[in-house]
Amino acid sequence: MQRLHLHLLSDSTGETLEMIAKAALAQFEDADVVRHFWPMVRSQQHLDRIMGEIADKPGLVLFTLVNDQTRLRLEERCMALGLPIVDALDAVTNALEQQLGRQAQGRPGRQHAMDEAYFARVAAIQFTIAHDDGVLAEDWEEADIVLAGVSRSSKTPTSIYLANRGFKVANIPIVPVSPPPQSLFALRRPLVVGLTTAPERLIQVRRNRLLSLNQAPETPYVDADTVAKEVQFARRMFADNNWPVIDVSRRSIEETAAAVIALYNERVATGPGELGSRPI
């Protein structure tokens, strides 16, 4: 299989470009692609230094550059080297300009501006980290979203992902021998979502976790009957409280978070009424 060098150039952090490249590469299973990441390219001198590296490892150049001069120089240099080059945002930006009847401002990193939304996102991250794994129950009413589930059902990584999207999240472990405080069942402001998973999948995840910690891989924590009863206990709690439930067995963190956000938006659109405990 031929190796492809993929060069990603951005005049900002490059986060958007990386996500686009990752999404596109996911469609090419087992492709031999080496990614070269070049963020904060904001001068022709910086670009000239990078072009030496690109010339040594020629391949596809994917970029997001809003400065016309830097962009033109990149295009000229790539043309001279015979390299294919693609602007990752051109089509979308051009379509928006036509529909809005105005030109794009051409300022790098606009989506990372330290505005009100930025500081709200920072506050959400701080809240979420402070309210991980069932702590500070007295603050749960301040959360936007509360995730409940058995151990290793992706509560913490999903919470952090949601926090980066600006949601204040608390997450709570459901343990049959130590039920959560009654305040959980009296929450009104937050959307409470139950996370569940197939017992077989949960056992696999837990066993891998034990092995990574150099602990005995055979304990009640991974016993089939115990885990099945634990999952059943959590599902019954979700149903009894009419909480929406998301099965994370075959979902990535991003997919689980997207399902949570959809539930949250539905709740905002329809009011604080219950969504019901339908599985998702």
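A brief report on the enclosed structure follows.

Remarks on the overall build of the protein chain
Line of reasoning, step 1. The secondary structure content of the protein chain amounts to nine helices and eight strands.
Line of reasoning, step 2. The C-alpha radius of gyration of the protein chain comes to 24 Å, more than 25% above the 19 Å expected for a compact globule of 280 residues.
Line of reasoning, step 3. Dimensions of the protein chain, computed from the C-alpha atoms along their principal axes, are close to 70 × 45 × 30 Å.
Line of reasoning, step 4. The buried share of the protein chain, taken over its 280 residues, is 34%.
Line of reasoning, step 5. For the protein chain, the centre of its 30 positive side-chain charges and the centre of its 35 negative side-chain charges are spaced 1 Å apart.

Focus: the sheet that holds strand 1 (residues 4-10)
Line of reasoning, step 1. Strand order in the open sheet formed by four strands is 2-1-3-4, and the pairing between neighbours is parallel. The open sheet is flanked by strand 2 (33-38) and strand 4 (85-87), the only strands paired with a single partner. Each strand axis lies, on average, 20° off the axis of its neighbour in the sheet, ignoring direction.
Line of reasoning, step 2. Packing against the sheet, helix 2 (residues 44-56) makes contact with strand 1, strand 2 and strand 3 (60-64), and its axis sits at approximately 170° to strand 1.

Concerning unusual backbone geometry
Line of reasoning, step 1. One non-glycine residue, aspartate 133, adopts positive backbone phi at about 60°.
Line of reasoning, step 2. Among the structural elements, aspartate 133 can be located in the loop between helix 5 (116-130) and strand 5 (145-149).
Line of reasoning, step 3. Under the relative-accessibility criterion, aspartate 133 is labelled partly exposed at 49%.
Line of reasoning, step 4. Even without glycine at this site, arginine 152 takes up a positive phi of about 70°.
Line of reasoning, step 5. Of note, arginine 152 is situated in the loop between strand 5 and helix 6 (155-164).

Let's talk about the pairing of strand 5
For a regular strand, side chains alternate in direction, first toward one face of the sheet and then toward the other.
Line of reasoning, step 1. Of all the five residues making up strand 5, five are buried; the element is thus mostly covered by neighbouring parts of the structure.
Line of reasoning, step 2. Across the two faces of strand 5 the burial is the same, with Ile145, Leu147 and Gly149 and Val146 and Ala148 all buried.
Line of reasoning, step 3. One ladder, built from five bridges, connects strand 5 with strand 6 (residues 169-173); its direction is parallel. When the bridges of strand 6 are listed, glycine 149 appears paired with proline 173.

What to know about the nonpolar core
Line of reasoning, step 1. If you look at the biggest cluster of nonpolar residues, it comprises 23 residues, and the most contacted ones within it are Val146, Leu184 and Phe238.
Line of reasoning, step 2. Breaking this core down by element, the ones donating at least two residues are strand 5, strand 6, helix 7 (199-212) and helix 8 (224-240).
Line of reasoning, step 3. For this core, the element with the most residues is helix 8, which contributes five residues.
Line of reasoning, step 4. For valine 146, the residues in contact, after removing those within four places along its chain, are Trp140, Ala170, Ile172, Leu184, Leu187, Pro190, Leu191, Val192 and Val193.
Line of reasoning, step 5. Counting 16 residues, the second-largest nonpolar core is a separate cluster that includes Ile145, Val169, Leu263 and Tyr264.

Describing the packing of aromatic side chains
Line of reasoning, step 1. Going through the model one piece at a time under the given rule, you end up with three aromatic pairs.
Line of reasoning, step 2. When the centroid spacing of 5.9 Å and the interplanar angle of 0° are considered together, the rings of phenylalanine 185 and tryptophan 243 count as stacked. Of the two residues, phenylalanine 185 is situated in the loop between strand 6 and strand 7 (191-196) and tryptophan 243 in the loop between helix 8 and strand 8 (245-247); the sequence distance between them amounts to 58 residues.
Line of reasoning, step 3. The exposure class of phenylalanine 185 is partly exposed, given its relative accessible area of 27%.
Line of reasoning, step 4. Measuring from centroid to centroid gives 6.2 Å for phenylalanine 238 and tryptophan 243, while their planes differ by 45°, and the two rings are tilted.
Line of reasoning, step 5. A relative accessible area of 0% places phenylalanine 238 in the buried class.
Line of reasoning, step 6. For tryptophan 243, a relative accessible area of 8% corresponds to the buried category.
Line of reasoning, step 7. Above the plane of the ring of tyrosine 221 lies arginine 206, whose end atom (NZ or CZ) is 4.4 Å from the centre.

Digging into the sheet that holds strand 8
Line of reasoning, step 1. Spatial ordering of the open sheet is given by 6-5-7-8, a layout of four strands whose pairing is parallel. In the strand order of this sheet, the two ends are held by strand 6 and strand 8, each with one partner. Going from strand to strand, the sheet's axes swing by 25° on average, the running direction of each strand aside.
Line of reasoning, step 2. As judged from the five bridges shared by strand 5 and strand 7, these two strands associate in the parallel manner. Counted as the bridge partner of alanine 148 is glycine 194 from strand 7.
Line of reasoning, step 3. Helix 8 rests against strand 5, strand 7 and strand 8 of the sheet, and its axis sits at about 155° to strand 7.

About the cut-offs
- For every chain, the first residue of the written sequence is number 1, and numbering continues from 1 along that sequence.
- Given that this is a predicted model, residues contribute local features only at a pLDDT of at least 70 and side-chain atom pairs are listed and counted only at 80 or more, while totals for whole chains, interfaces and linings are drawn from all residues.
- Side-chain measures here rest on the full set of heavy atoms in the structure, leaving out hydrogens and waters.
- Secondary structure elements follow DSSP: runs of H or I no shorter than four residues count as helices, runs of E no shorter than two count as strands, and numbering proceeds from the N terminus.
- We take the radius of gyration over the C-alpha atoms and set the globule estimate at 2.2 Å times the residue count to the 0.38 power.
- Each residue is placed in one exposure class: buried if its accessible area under a 1.4 Å probe, protein chains only, is under 20% of its type's maximum, exposed if it is over 50%, and partly exposed if it falls in between.
- Positive residues here are Lys and Arg, negative ones are Asp and Glu, while His and the chain termini are left out of the count.
- For charged residues, the charge sits on one atom: NZ in Lys, CZ in Arg, CG in Asp, CD in Glu.
- Strands are labelled as partners when DSSP assigns at least two bridges between them.
- Angles shown run from 0 to 180 degrees and are taken between the N-to-C directions of axes, each axis being a line fitted to C-alpha atoms and, for helices, limited to the stretch in contact.
- Should any heavy atoms of two residues lie within 4.5 Å, those residues are considered in contact.
- Residues belong to a common nonpolar core when they are buried Ala, Val, Leu, Ile, Met, Phe, Trp, Tyr or Cys residues joined through side-chain atoms within 4.5 Å.
- Stacked, edge-to-face and tilted are the three classes for Phe, Tyr and Trp ring pairs, Trp counted by its six-membered ring, which pair at centre distances within 6.5 Å; planes under 30 degrees apart are stacked, over 60 edge-to-face, the rest tilted.
- The rule is short: NZ of Lys or CZ of Arg within 6 Å of the ring centre and within 35 degrees of the ring normal puts a charge over the ring.

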